[in-house]
Amino acid sequence: MIELNPVIIDGNPFTAVTVRLPKTNLLAVYNDKGYIMCGALDVGLLNEKLSDRKIIAGRAVGVRTIEQLINAPLESITTEAYAIGIEVGMSGRDALLKMV
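Residues numbered from 1 in each chain as written. Predicted model: local features only at pLDDT ≥ 70, side-chain atom pairs only at ≥ 80, totals over all residues. Heavy atoms only, no water.

Draft legend 1. Structural detail: the environment of glutamate 48. Along the chain, glutamate 48 turns up in helix H1 (residues 43–48). Separated by 31 residues in sequence, glutamate 48 and threonine 79 place their C-alpha atoms 9.6 Å apart. (Helix = DSSP H or I, 4+ residues; strand = E, 2+ residues; numbered from the N terminus.)

In structure tokens form, the structure reads like this:
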């Protein structure tokens with residue numbers, strides 16, 4: 001099952017996506033500039049093989065819900081995320097607000 005839900009953070013709209021799969025969930029919160037995602041995100045791939053796309057993204061591990069994803073510290077980020085002020089250890093919420 002796939003769920004799409006609006007999320008408002010400090011008055012800014014984002015979309016939350018949950019993809020329920022056997023034994024795991026894929027989680028992401030995004031806007032038109034970038035996104036944060038659960039541990040399934042391959043930041044190395046984005047930075048190395050897809051660097052020309054300049055993707056702004058961050059990864060949080062060990063999360064099972066959208067709320068946890070938003071509140072968790074980011075374990076890794078893309079080069080483009082770093083360029084706009086997002087840092088490893090920053091909460092998903094704070095990272096998303098840098099994408100506004």
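Picking up where we left off.
Draft legend 2. A look at the environment of threonine 24. Along the chain, the position of threonine 24 falls in strand S3 (residues 24–30). Threonine 24 gets classed as partly exposed once you look at its relative accessible area, which sits at 40%. Residues threonine 24 and alanine 40, spaced 16 residues apart in sequence, show a C-alpha to C-alpha distance of 9.8 Å. (Buried < 20%, exposed > 50% of the residue type's maximum accessible area, 1.4 Å probe, protein only.)

Draft legend 3. How the structure looks around the pairing of S3. Where strand S2 (residues 12–21) meets S3, seven bridges bridge the pair, whose relative direction is antiparallel. Counterpart to threonine 15 in the pairing with S3 is tyrosine 30. Count of turn residues in the S2/S3 antiparallel hairpin: two residues, of which lysine 23 carries a positive phi of about 70°. Bridge count between S3 and strand S4 (residues 35–37): three bridges; the pairing is antiparallel. Across the sheet, tyrosine 30 pairs through a bridge with tyrosine 35, a residue of S4. Hairpin connection of S3 to S4: four residues between the antiparallel strands. (Pairing = 2+ DSSP bridges.)

Draft legend 4. Seen up close, the nonpolar core. Val29, Ile36, Ile86 and Leu96 are the most contacted members of the largest nonpolar core, which totals 31 residues. Residue assignment for this core shows that the elements contributing at least two residues are strand S1 (2–9), S2, S3, S4, H1, helix H2 (66–71) and helix H4 (92–98). Once you skip the residues sitting within four places of it in the chain, leucine 96 turns out to touch Ile9, Phe14, Val29, Ile36 and Ile70. (Core = buried A, V, L, I, M, F, W, Y, C linked by side-chain atoms within 4.5 Å. Contact = heavy atoms within 4.5 Å.)

Draft legend 5. Spatial organisation of unusual backbone geometry. The residue aspartate 10 is not glycine, and still its phi comes out positive at about 50°. Among the secondary structure elements, aspartate 10 is positioned in the loop between S1 and S2. The exposure class of aspartate 10 is exposed, given its relative accessible area of 60%. Positive phi is not limited to glycine here, since lysine 23 has a value of about 70°. Tracing the backbone shows lysine 23 in the loop between S2 and S3.

Draft legend 6. Focus on the side chain of serine 76. Considering the arrangement of structural elements, one finds serine 76 in strand S6 (residues 76–77). Overall, serine 76 belongs to the buried group, its relative accessible area being 14%. A polar contact of 2.9 Å, which involves the side chain of serine 76, links it to the side chain of glutamate 75. The residues touching serine 76, leaving out its near neighbours within four places in the chain, are Val43, Gly58, Arg59 and Val88. (Polar contact = N/O pair within 3.5 Å; in protein donor to acceptor, adjacent residues only side chain to side chain.)

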